[in-house]
Amino acid sequence: MVSLIELTSPLPLLPRSSSLSSEVSMKLFVVTGAGGVFGSAILRQIEHLHSANAHILAITRKAEEVQSATANFAARVTTFSIDFEDKERLQRKICEGLARVQTEGWELAVLVNNHGSVGDTSIRMEEVSDIGYLEKYFLLNFISYQVLTSVFSDRFKASKRVCVNISSMAAVKPFQSFGCYCAIKAARMMAYQVIAEESADVRVLNYSPGPMKSPMTDDITANSHSASIREYFASADWVDADASAAKMLKLVNEDSYQSGVQIDFYDR
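What you see is a predicted model; the values in this text were computed from it and never measured.

Peer 1: Before we go on, may I ask you to explain the sheet that holds strand β7 (residues 262–264) in this structure?
Peer 2: Two modes of strand pairing occur in sheets, parallel and antiparallel, and in both the strands are linked by backbone hydrogen bonds. Pairing is parallel across the open sheet formed by seven strands, whose spatial order is β3-β2-β1-β4-β5-β6-β7. Bordering the open sheet on either side are β3 (76–80) and β7, each of which pairs with just one other strand. Sheet twist, expressed as the average angle between the axes of neighbouring strands with direction ignored, equals 20°. Relative to strand β2 (residues 54–59), strand β1 (residues 27–32) runs parallel, the two sharing six bridges. Looking at the pairing, V30 lines up with L57 of β2. Taken strand by strand, helix α5 (residues 179–198) contacts β4 (108–113), β5 (161–166), β6 (202–208) and β7, and its axis lies near 155° from that of β6. Against the sheet, helix α8 (residues 241–254) engages β1, β4, β5, β6 and β7, with an angle of about 155° to β6.

Here you go:
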């Protein structure tokens, strides 16, 4: 994984004028996992909905691919990479990345916490005993998520803030092969629900995007110890990533959900 912040431009990402004009509603979107199937769809839908009124900070290990895919966006896009498994430098790198955007003046500042991994699906939960594996897994999938949320919320406290956790049915239902994944998804959802209870000035959404065809689902199909899980993922009815991303952003824009709630793509 890349541990250094990589920028599309040597200049900080700033609004097109020295101050944000009241005539234009400028929105900031910080999106992790931006190079994945769903992350890429989120970027496309931000461009579709907000165009030049959006600034996107795309956190990804696939900087060149994201730069190429967004080259013709009217929205301004800056990519940078953070090694979410680098415990010693994690907080500093997150702070350095977000510091490239001015703190005030945004009509809306949105964090979409979309990064994570499913883990080793070939072993049963009762067999998981490797402390190093568990530390690395929870650092990537929960600790980095929480640190990023905290730094984001503090840095952009002068703006209306929305924090979106890309959740899953695994947050509320146990699945074979997904022991650690279910645990961190439940932890992420509950952490955001606590933020919703404690911080009325932060809007919080747990959004479950539905099953999508991706390298992760290919890995599950090939390596899960559960025959029923392998069978499900081999013939699943996949959700269209752009349709799901569009629904998530519509929820954010309409702002009528109860803060902290979990909403699934299939919910009406």
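Peer 1: What should I look at first to understand the packing of aromatic side chains in this one?
Peer 2: For any two aromatic rings, the description comes down to two numbers: the centre-to-centre distance and the angle of the planes. Using the criterion set out here, one finds eleven aromatic pairs in the structure. With centroids separated by 6.0 Å and ring planes inclined at 75°, the aromatic side chains of Y137 and F138 adopt a geometry described as edge-to-face. Residue classification places F138 among the partly exposed positions, given a relative accessible area of 28%. Among the aromatic residues, those joined into a cluster by ring pairs are F175, F178, Y181, Y232, F233 and W238. The cationic tip of R203 hangs over the ring face of Y257; the distance from NZ or CZ to the ring centre is 4.3 Å.

Peer 1: Even after reading the chapter, I still don't get the state of the cysteines, so can you show me in this structure?
Peer 2: Linking two cysteines covalently through their sulfur atoms gives a disulfide. Under the defined criterion, the tally for this structure stands at zero disulfides. There is no disulfide at C95, and the cysteine sulfur nearest it, in C163, is 15 Å away. With a relative accessible area of 34%, C95 lands in the partly exposed category. Residue class for C163 comes out buried when judged on its relative accessible area of 2%.

Peer 1: What should I look at first to understand the pairing of β3 in this one?
Peer 2: It is a general feature of regular strands that their side chains alternate between the two faces of the sheet. Within β3, four of the five residues are buried, which leaves the element mostly enclosed by the surrounding structure. Where β2 and β3 come together, five bridges link them in parallel fashion. Each bridged residue has a counterpart across the sheet, and for I59 the counterpart in β3 is F80.

Peer 1: Help me understand the pairing of β4 in this model?
Peer 2: Of all six residues in β4, six are buried, a share of seventy percent or more. Of the two faces of β4, the one lined by L108, V110 and V112 and the one lined by A109, L111 and N113 are each fully buried. Sheet analysis places β1 next to β4, joined by five bridges and oriented parallel. Looking at β4, one finds that K27 is bridged to L108.

Peer 1: What is the right way to read the pattern of salt bridges from this model?
Peer 2: Oppositely charged side chains can form a pair if their charged atoms are brought close together. Throughout the structure, instances matching the rule amount to twelve salt bridges. In this structure, D255 engages K160 in a salt bridge whose closest nitrogen and oxygen atoms are separated by 2.7 Å. Of this pair, D255 sits in the loop between α8 and β7 while K160 sits in the loop between α4 (131–155) and β5; the two residues are 95 residues apart in sequence, bridging distant segments of the chain. Classification of K160 as partly exposed rests on a relative accessible area of 38%. Across the pair R203 and D255 runs a salt bridge, and its minimum N-O distance is 2.6 Å. Linking R203 in strand β6 with D255 in the loop between α8 and β7, this pair joins segments that are 52 residues apart in sequence. The exposure class of D255 is partly exposed, given its relative accessible area of 25%. Here the residues in one salt-bridge network are R92, K93 and E96, joined through shared partners.

Peer 1: What is the right way to read the packing of helix α3 (residues 90–98) against α4 from this model?
Peer 2: Between two packed helices, what matters for the description is the angle formed by their axes and the separation of those axes. Running from N to C, α3 and α4 cross one another at 40°; their axes reach a closest spacing of 10 Å. It follows from the interaxial angle that α3 and α4 lie oblique. The hand of the α3/α4 crossing is right-handed. Counted together, L90, Q91, I94, C95 and L98 of α3 and L139, S144, V147, L148, V151, F152 and R155 of α4 form the full contact between these two elements. Looking at side-chain class alone, the contact of α3 with α4 contains nine nonpolar, two polar and one charged residues.

Peer 1: Explain the side chain of H50 here, please?
Peer 2: Summarising the element assignment, H50 is placed in helix α1 (residues 37–50). For H50, the residues in contact, after removing those within four places along its chain, are K27, F29 and N253.

Peer 1: For this particular structure, what's the right way to read the side chain of T70?
Peer 2: Tracing the backbone shows T70 in the loop between α2 (63–69) and β3. A distance of 2.8 Å separates a polar atom in the side chain of T70 from the backbone oxygen of V66. In contact with T70, other than residues within four places in its own chain, are L43 and V77.

What counts, and at which threshold
- Residues numbered from 1 in each chain as written.
- Predicted model: local features only at pLDDT ≥ 70, side-chain atom pairs only at ≥ 80, totals over all residues.
- Heavy atoms only, no water.
- Pairing = 2+ DSSP bridges.
- Helix = DSSP H or I, 4+ residues; strand = E, 2+ residues; numbered from the N terminus.
- Axes fitted to C-alpha atoms, helices over the stretch in contact; angles between N-to-C directions.
- Contact = heavy atoms within 4.5 Å.
- Phe/Tyr/Trp six-rings, centres within 6.5 Å; stacked < 30°, edge-to-face > 60°.
- Buried < 20%, exposed > 50% of the residue type's maximum accessible area, 1.4 Å probe, protein only.
- Lys NZ or Arg CZ within 6 Å of the ring centre and 35° of its normal.
- Disulfide = S-S within 2.5 Å.
- Salt bridge = Lys/Arg side-chain N within 4 Å of Asp/Glu carboxyl O.
- Parallel < 35°, antiparallel > 145°, perpendicular 65-115°, else oblique.
- Left-handed = near helix turned anticlockwise from the far one by under 90°.
- Nonpolar A, V, L, I, M, F, W, Y, C, P; charged D, E, K, R; others polar.
- Polar contact = N/O pair within 3.5 Å; in protein donor to acceptor, adjacent residues only side chain to side chain.

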